[in-house]
Amino acid sequence: MKKRKEVVETKLKARNPWAEAWRSLRRNGMAMTGMVILILFILCAIFADVIAPYPMDLQNDQHLLESPSAQHIFGTDEYGRDIFSRIVYGSRISLTVGFIAVVFSVITGGLCGATAGYFGGKLDNVIMRFMDILLAVPSILLAIAIVNILGSNLVNVMIAVGISSIPTYARVVRASVISVRDQEFVESAVAIGDSVPSIILRNIIPNCLAPIIVQATLGVAWAILSCSGLSFLGLGLQPPSPEWGAMLSSGRQYIYDSVWMTIFPGGAIVLLVLSLNVFGDGLRDAFDPKLKK
Amino acid sequence: MVRYILKRLLMLIPILIGVILIVFILMQLSPGDAAQTILGPQASEEAINNLREELGLNDPMLIQFGRYVAGIFRLDFGESLKDGQPVLNKLMAAMPNTIILTLAAIALALLVGVPLGIVSATHQYSILDKFATIFALISFSTPNFWLSILLILAFAVGLGWLPVSGFYGAEYLILPMIALGTQTAGVFARMTRSSMLEAMSQDYIRTLRAKGLGERAVVYKHALKNALIPIITVIGLQLGSLLGGALLTETVFSWPGIGRLMIESIRAKDTNVVQGGVIMTATLFIVINLIVDILYAYADPRVKAEYKK
């Protein structure tokens, strides 16, 4: 009963859900701050060559382990490289890994979840039990195992991080596919004889986009954290790559007298991940009709 | 209830075998040859081949897998490629330390996160609520290895209050526990807040207030009891990320747990130890989630009723 009433209500209100979500997002100060910071990071990554005052691998043995100054605002590392410039270039790596890993796992996990949810029955069981197995291994551990096989470079880190979050998307997509599967517009598509892939792609997926987008935004944050974790352990990107986790890892040896080597890369990770989390949260609130009242 | 537990236990078996299979395949695919690792880089081709034959590494993969699974059911995870010690002994030596660290982190997270969530929910939109929200967001955006380093800088290097590495007494637990538990504390704070808010908007709460029950009793006796049920499930799920996070925390603090053992073994290409460690961690995670689910069924009369029939 209750469900039907909700459907009727949303139909009455349904102008454009995306425009409505955007309106509610714009009113959310925290989410907008997150979005602005995120955009700044993206600009930073795109225009790294312009923003960074020094090339990322320019060594200078006159200025080893220098504390922050007007010349080097975040100080220099053990090779005299400018830490600020390296962080600017590092944003390219983190954002690339974050976005591509998530796109990869959204597509793979989404297809698995949509198939499982749409067909149900045995196929659903097989796919979801396989996802359960993947979920049983803590994801960072799975990523480590995969990167260990493939070898540590940018592409492999993306694959490893991506694979380990496939089950999450499979679950999200499956749940929302099940929730739209039995609605009238799907029934009518079946009735006029649309093919199954077309129904899934054209009728079902667009109606489950909101939870996927929310999960994906938070997923990028998680992927960035995992990537830096892998590099910190020496299993992800290797020095001299300006990956933030790798920078932290080498800065650790100088923790007693050159704290800036660990403070700034870590701060960059927190700020970027925080902006993604805050923005993702805002998106969730904006899309969630329960909170709109 | 017994039926429910039995059903869940039976469902464990295929998942465990699946985990073993996946880990086994992953390790077979990883670079490095067991015989080569044992004999070292200078070994002759012939010696390596003899050892491979002796260890059964030349047998078909399926037979090797069967042998490995059969071994696991006899609690035999093979031997370390580095020092020939049984893998089980190594894992058993490290496992308690990881369990101590993880439990301490969960306890800390509950002690900090749940009260924070309650206060946030009862004082919605107050300064405290804002503080709790910001704490939660920052806590799960902070990589625990960075937090570990900051804690070492502040409390070990700066103030000199606490030891930095190893595990030789309770004081060694404090920093790793904070480093590992903070993120989870944030998760608990948010979960508690939202499920408290949801519980407090229910009709029965309005009824209780209408009949004149004091606010304290409404919040702590009735709303909290219902709000805690979803948190029980989250504890189980968080354990996965804690066991994963322990990998990093243990490495920074040289904590003699399973995470550090695995990272060292990966570096040393000691596949047997890595394989056993992953399987052991996954098993621990699965079993604890099973226990959590059973507790959940106990705590929620609706689930219990379903299986009582």
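Residues numbered from 1 in each chain as written. Chains lettered and ligands numbered in written order. Predicted model: local features only at pLDDT ≥ 70, side-chain atom pairs only at ≥ 80, totals over all residues. Heavy atoms only, no water.

Student: Could you clarify how one ought to interpret the pattern of salt bridges in this entry?
Tutor: Two side chains bearing opposite charge may form a pair once their charged atoms approach each other closely. By the definition in use, this model includes 14 salt bridges over all chains. Ionic pairing is found between B:Arg209 and B:Glu215, a salt bridge with its closest N-O pair at 2.8 Å. Note on B:Arg209: relative accessible area 36%, which makes it partly exposed. B:Glu215 gets classed as partly exposed once you look at its relative accessible area, which sits at 42%. Connected through salt bridges with shared partners, the residues A:Asp77, A:Arg81 and A:Arg86 form a single ionic network. (Salt bridge = Lys/Arg side-chain N within 4 Å of Asp/Glu carboxyl O. Buried < 20%, exposed > 50% of the residue type's maximum accessible area, 1.4 Å probe, protein only.)

Student: Could you clarify how one ought to interpret the layout of surface pockets in this entry?
Tutor: In this approach, a probe sized like a water molecule rolls over the atoms, and the result shows the empty space that is left. Residues and elements named next belong to chain B. Put simply, the second largest pocket is a space of about 800 Å³. Every residue lining the second largest pocket is counted, 26 residues in all, and those nearest its centre are Leu55, Leu57, Gln64, Tyr68 and Asn272. Breaking the lining of the second largest pocket down by element, the ones donating at least two residues are helix H1 (2-29), helix H2 (34-39), helix H3 (45-55), helix H4 (61-73) and helix H12 (271-299). In the lining of the second largest pocket, the residues fall into nine nonpolar, eleven polar and six charged. (1 Å grid on protein atoms, 1.4 Å probe; cavity = no way out; pocket = protein on both sides within 12 Å on 5 of 7 lines; lining within 4 Å. Points joined across faces, edges and corners; volume = space filled by probe spheres on them. Helix = DSSP H or I, 4+ residues; strand = E, 2+ residues; numbered from the N terminus. Nonpolar A, V, L, I, M, F, W, Y, C, P; charged D, E, K, R; others polar.)

Student: Can you help me understand the interface of chain A and chain B in this one?
Tutor: Interface size, as often reported, equals the accessible area lost upon joining of the parts. Across the contact, 40 residues belong to chain A and 42 residues belong to chain B. Note on chain A versus chain B: buried area summed over both sides is about 3,500 Å², and carbon and sulfur give 82% of it. A salt bridge links A:Asp281 to B:Arg190, with the shortest nitrogen-to-oxygen separation between them at 2.5 Å. Counting across the interface, chain A meets chain B through four residue pairs in polar contact (both at pLDDT 80 or more). Contributions of two or more residues to the side of chain A that touches chain B are made by helix H6 (121-136), helix H7 (139-150), helix H12 (209-232) and helix H14 (260-287) of chain A. Examining the composition of the side of chain A that touches chain B, we find that twelve residues originate from one element, H14(A), more than from any other. Taken together, the residues of the side of chain A that touches chain B sort by class into 29 nonpolar, seven polar and four charged. (Contact = heavy atoms within 4.5 Å. Buried area = accessible area lost by both parts, 1.4 Å probe. Polar contact = N/O pair within 3.5 Å; in protein donor to acceptor, adjacent residues only side chain to side chain.)

Student: When you look at the confidence of the model for chain B in this model, what are you seeing that I'm missing?
Tutor: Detailed reading of the predicted coordinates is not advisable wherever pLDDT falls low. Residue and element names in this part refer to chain B. Across chain B, the average pLDDT comes to 85, with 98% of residues at or above 70. Predicted confidence in chain B is weakest over helix H13 (residues 301-308), with a mean pLDDT of 66, and strongest over helix H5 (residues 87-122), with 92. Among the scores for the predicted complex, ipTM is 0.85 and pTM is 0.87. (pLDDT = per-residue confidence, 0-100.)

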